[in-house]
2 protein chains.
Amino acid sequence: MQNGQNTELRNGQAPACWASRLRERMRQSGLRPTRQRMHLATLLFSRGDRHVTAEEVHAEALGENMSVSLATVYNTLHQFTEAGLLRVLAVESNKTYFDTNISDHQHFFIEGRNEVIDIPDSMISVQNLPEVPEGMEVAHVDIVVRLRPKKN
Amino acid sequence: MQNGQNTELRNGQAPACWASRLRERMRQSGLRPTRQRMHLATLLFSRGDRHVTAEEVHAEALGENMSVSLATVYNTLHQFTEAGLLRVLAVESNKTYFDTNISDHQHFFIEGRNEVIDIPDSMISVQNLPEVPEGMEVAHVDIVVRLRPKKN
DNA sequence: CTGTGTGCAAACTCTTTGCATAAGT
DNA sequence: ACTTATGCAAAGAGTTTGCACACAG
C-alpha cells in the first residue's frame, strides 16, 4: 500500500463522493457509468495503489459476488487505460499488468514471485538521457529494478 | 548496428575461429553444438547486436534455406539465455524479445513501430536508487525510454 | 425507445510440451 | 550404440472479437 495521488479514494470512505467524481470522469471519456464499470472502478481505485492483471481483477470481482465476465474485465481495463485512469506496465513478458497509480513513478519487480512494488516518486532519477533519434520524442521513461532473494 | 561486446564476431569474418569458440561455449553449458544450434547462433551473433523475437529468427532461418522448426527456435533461444548468451527484454507485453548484447545497457523502444534500439553503455545512469526491501538484492536495473513520433 | 455495454463462446497469437525420428559423440 | 536434439502437431496460456441480449439515458 504505497502513497500515490488518489489520496481521496482511501479506505472506502466517502464512497458517494468519489463515486460521483468517477461518474463524471467516465462521462468525459465517453464511457457510460454502468454497473460493471463502476464496480470494477471501486475495486481498482478504492484500495490504494495496485498492480493487477485482468485475471486477478476478474477473480476478485467474482469473489465479491460481482457478476462480470473476463472479456468485460479486459475491455474495461483497456477503456480505463485510454481514459487515463490506468497505466500498462511492461515488467514481464506475456502478462499485462495494470497500474492504478498513473503518476510518474517507477517499480521494483520481484523475480520468481512476480510482484510489482512502487518506488515512491522522485526518489529515483535518470542521468544523461541520450539524444533521441531524429523526429522522435520521449513518451515515458520506465525503470524496473529487478529484485531477487539475497543469498544470505 | 550498435557496438557491443561481441566485437570479434563482426562481419562474418574468421568464421571458423569464432565458430569453434561458440562450440566450446556450448559444451561448457552442456549443449551439444548441433547443426541447428550452430546455425541459429550464427544468425544471432555474427551480425552485430540484435533484438529479435522467436518468430523473426525463425523466418530469417527459413529465408536462408535453413531447416528448423519454430519449437526448436524457442527451445534454442531459451537454452542460449540460460547459458548467458542472450538476455530477455520486457519492453512490450505479450511478446518476448531476445537481446544478443548481454552487456549492461538500456533501450529505446519506439511505440507503434515496436522497434528496440540500444542506448550505448554508460551514457545513461540512475540516481538515488531507493533502499531495497529486506532480504532482497538488485538483480538488474532495466530502463526503457519509450519514444513516439514528434508532433511536427 | 435507441444505442451502447455485456456475456458468452469461439478465435487468435504467442509459447510450451510429448513423442517418434534423427543426429551427435 | 547410446544419448540428446529435433520436428511436428497438439495443447496451453493470455487476450481479442462477434453477436445476441440487457441495460442506461
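This text follows the structure it describes.
The following refers to the structure shown. (Residues numbered from 1 in each chain as written. Chains lettered and ligands numbered in written order. Predicted model: local features only at pLDDT ≥ 70, side-chain atom pairs only at ≥ 80, totals over all residues. Heavy atoms only, no water.)

### Describing the protein's contact with DNA strand D
Neighbouring DNA strand D are 22 residues, the closest being A:Tyr74, A:His78, A:Thr96, B:Thr34 and B:Arg37. Residue B:Ser69 places a main-chain N or O atom 3.0 Å away from a phosphate oxygen belonging to DNA strand D. Of all the secondary structure elements, the ones that give two or more residues to the surface near DNA strand D are α4 (70-82) of chain A together with α2 (35-45) and α4 (70-82) of chain B. Among the elements that take part in the surface near DNA strand D, α4(A) stands out by supplying 5 residues, more than any other. Classifying every residue of the surface near DNA strand D by side-chain character gives 6 nonpolar, 10 polar and 6 charged. (Near = heavy atom within 4 Å. Polar contact = N/O pair within 3.5 Å; in protein donor to acceptor, adjacent residues only side chain to side chain. Helix = DSSP H or I, 4+ residues; strand = E, 2+ residues; numbered from the N terminus. Nonpolar A, V, L, I, M, F, W, Y, C, P; charged D, E, K, R; others polar.)

### Some thoughts on the interface of chain B and chain A
Taken residue by residue, the interface counts 42 residues in chain B and 42 residues in chain A. Taken together, the two surfaces of chain B and chain A that pack against each other cover about 3,600 Å², and 56% of this comes from carbon and sulfur. If you sort the residues of chain B by the area they bury against chain A, B:Met136, B:Glu137 and B:Arg146 come out on top, with a joint share of 17%. Our enumeration of links across chain B and chain A arrives at 4 salt bridges. A:Arg148 serves as the salt-bridge partner of B:Glu137, at 3.2 Å between the closest nitrogen and oxygen. Only β2 (87-89), β4 (106-110), β6 (125-127) and β7 (136-149) of chain B provide two or more residues apiece to the side of chain B that touches chain A. (Contact = heavy atoms within 4.5 Å. Buried area = accessible area lost by both parts, 1.4 Å probe. Salt bridge = Lys/Arg side-chain N within 4 Å of Asp/Glu carboxyl O.)

### Side note on the protein's contact with DNA strand C
Around DNA strand C, 22 residues are found, and the nearest of them are A:Thr34, A:Arg37, A:Thr72, B:Tyr74 and B:His78. A share of 77% is what sugar and phosphate atoms reach among the atoms of DNA strand C within 4 Å of the protein. Side-chain polar atom of A:Arg32 to a base nitrogen of DNA strand C: 3.1 Å apart, as the coordinates give it. Between DNA strand C and the protein, one listed contact pairs a phosphate oxygen with a side-chain N or O atom of B:His78 at 3.3 Å. Those elements giving two or more residues to the surface near DNA strand C turn out to be α2 (35-45) and α4 of chain A together with α4 of chain B. By residue class, the composition of the surface near DNA strand C is 6 nonpolar, 10 polar and 6 charged.

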